[in-house]
Amino acid sequence: MRRLFSIVALLLFACGVHAQDAGVMHPYPETPGVETPAPRGYKPFYLSHLGRHGSRYLSNEKIVLPALTALREGDGQDVLTRDGRLLLERVEELYAASNGMWGQLSALGAEEHKHIAGRMVKRCPSVFVDSVRVVASIYPRCIVSMAASTGEIQRLAPKTKWSFTAGNRYQSIINTRHRPSTWVPGASIQRRYLEERLDMEPLLSRIFTDGGKGRDIVGKPVAFFKSVYAVWSDYEAIGLEPFDLTTILGADAVKILTASDNISHYRNMAIPNIDSLIVDIVSRADVALAGQKPSADLRYTHDNGLMRLFVQIG
């Protein structure tokens, strides 16, 4: 039986928008894509996996505060529309659910990695019979993703032997943060994009009964709407019942916000400077091809590492 070397990578970015699209914070799809069978006569013997952590809470409360502060003040001055009050309830709900968990993996995120692990074992059972090398980013959401994934693999393939590693020396391999000297932050590009495309006054009038007071309360409309979008985008990821932002802001505005969010993330991540990761993938595969262990290399990183890899390899 000829052997098959398998590389698995996972990345999810939104393209377009509907009631469930939410940029990079969108939960992974429950239904995987179409499986491509191995060529006739080949059998998997080694798997190299690079995966982003699962669904998570927003990074910090500063992301939520522009929306929360403005909506609370609008409520205190009794100038919120019905949609404005509904939006305040949603922001309050996410803020309460996220306190003490900013940046951490959600329960849904752990389940996502269990499902991914289950599919790996189902597709490549002949791989998980020997030693597996595991490397994770030092951030807790990646380590918990690793634990959920490897725990599921161990349950399904109990004879597998493990080695686990996480540390700063590996960050430059799986999550480099290099920026060229000419780099322009994605946030500044996103701000210009929104200033040119969002019609602020009509949008504010959807939320505040008095447009003038609403603008005074919000102060910086771009920051406010980015914050509103971030709240909406993370709702489903942390297990809350999703709501339809298009009924509050309109479909066109949500499309613009989604596009701006994707632009910002792509700008921040799509920098082709991850030779160290490619070297790691190739060198670890060479070890396996030479007949030395392990039978699988599993890496748990961030969307930053994945996007850079895809840009680097074209």
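Residues numbered from 1 in each chain as written. Predicted model: local features only at pLDDT ≥ 70, side-chain atom pairs only at ≥ 80, totals over all residues. Heavy atoms only, no water.

## Some words on helix H8 (residues 211-218)
Among all positions of H8, only Gly214, Ile217 and Val218 are buried. The arc that holds every buried residue of H8, seen down its axis, measures 90 degrees, which confines them to one face. Buried residues in H8 make contact with helix H1 (65-76), helix H7 (200-207) and helix H9 (221-235). Backbone nitrogen of Gly212 and a side-chain oxygen of the N-cap are separated by 3.0 Å at the start of H8; the cap is Asp210. Following H8 by one or two positions, Gly219 has its phi on the positive side, about 80 degrees. (Buried < 20%, exposed > 50% of the residue type's maximum accessible area, 1.4 Å probe, protein only. Helix = DSSP H or I, 4+ residues; strand = E, 2+ residues; numbered from the N terminus. Arc of directions from axis to C-beta. Contact = heavy atoms within 4.5 Å. Polar contact = N/O pair within 3.5 Å; in protein donor to acceptor, adjacent residues only side chain to side chain.)

## Some remarks on the packing of H1 against H9
One way to put it is that H1 packs onto H9 with a least axis distance of 7 Å and a crossing angle of 105 degrees. As judged from the angle between their axes, H1 and H9 are roughly perpendicular. Counted together, Leu65, Pro66, Ala67, Ala70 and Leu71 of H1 and Ala223, Phe224, Ser227 and Val228 of H9 form the full contact between these two elements. Split into classes, the residues belonging to the contact of H1 with H9 amount to 8 nonpolar, 1 polar and no charged. (Axes fitted to C-alpha atoms, helices over the stretch in contact; angles between N-to-C directions. Parallel < 35°, antiparallel > 145°, perpendicular 65-115°, else oblique. Nonpolar A, V, L, I, M, F, W, Y, C, P; charged D, E, K, R; others polar.)

## Considering the pairing of strand S3 (residues 131-136)
The buried fraction of S3 is high, at 6 of 6 residues. Taking every second residue as pointing to the same face, both faces of S3 are buried, with Ser131, Arg133 and Val135 on one and Val132, Val134 and Ala136 on the other. The sheet contact formed by S3 and strand S4 (residues 161-166) spans 6 bridges and is parallel. Looking at the pairing, Val135 lines up with Thr165 of S4. Viewed along the sheet, the connection from S3 through helix H4 (residues 140-156) into S4 turns out right-handed. Pairing analysis gives 5 bridges linking S3 to strand S5 (residues 296-301), with the strands arranged parallel. (Pairing = 2+ DSSP bridges. Right-handed = clockwise from strand over helix to strand, strands pointing away.)

## Here's the deal with the environment of Val144
When you line up the elements, Val144 lands in helix H4. For the pair Val144 and Thr209, spaced 65 residues apart in the sequence, the C-alpha separation amounts to 45 Å.

## Looking at the pattern of salt bridges
Scanning the model with the defined rule gives 10 salt bridges in all. Between Glu196 and Arg197 there is a salt bridge, with its nearest N and O atoms 3.2 Å apart. By relative accessible area, Arg197 is classed as partly exposed at 42%. The shortest N-O distance in the salt bridge between Asp280 and Arg299 comes to 2.8 Å. One end of the pair, Asp280, is in helix H12 (residues 275-289); the other, Arg299, is in strand S5, and 19 residues separate them in sequence. Here Asp280 and Arg299 have matching classes, each one buried. Here the residues in one salt-bridge network are Arg133, Asp280, Arg284, Asp297 and Arg299, joined through shared partners. (Salt bridge = Lys/Arg side-chain N within 4 Å of Asp/Glu carboxyl O.)

## Some details on the nonpolar core
Residues Phe224, Phe225 and Leu249 are the most contacted members of the largest nonpolar core, which totals 46 residues. Mapped by element, the contributors of at least two residues to this core are H1, helix H2 (82-98), helix H6 (186-197), H7, H8, H9, helix H10 (246-249) and helix H11 (251-269). At 9 residues, H9 tops the list of elements feeding residues into this core. Excluding anything up to four places from it in sequence, Phe224 contacts Pro66, Ala67, Ala70, Leu71, Ile207, Phe208 and Val218. (Core = buried A, V, L, I, M, F, W, Y, C linked by side-chain atoms within 4.5 Å.)

## Brief notes about the layout of surface pockets
Here the largest pocket defines a volume of roughly 850 Å³. Lining the largest pocket are 31 residues, and of these Arg56, Ser59, Ile63, Asp261 and His265 lie nearest its centre. Taken together, the elements giving at least two residues each to the lining of the largest pocket come down to H6, H9, H11 and helix H13 (303-312). Per-class residue counts for the lining of the largest pocket are 11 nonpolar, 12 polar and 8 charged. (1 Å grid on protein atoms, 1.4 Å probe; cavity = no way out; pocket = protein on both sides within 12 Å on 5 of 7 lines; lining within 4 Å. Points joined across faces, edges and corners; volume = space filled by probe spheres on them.)

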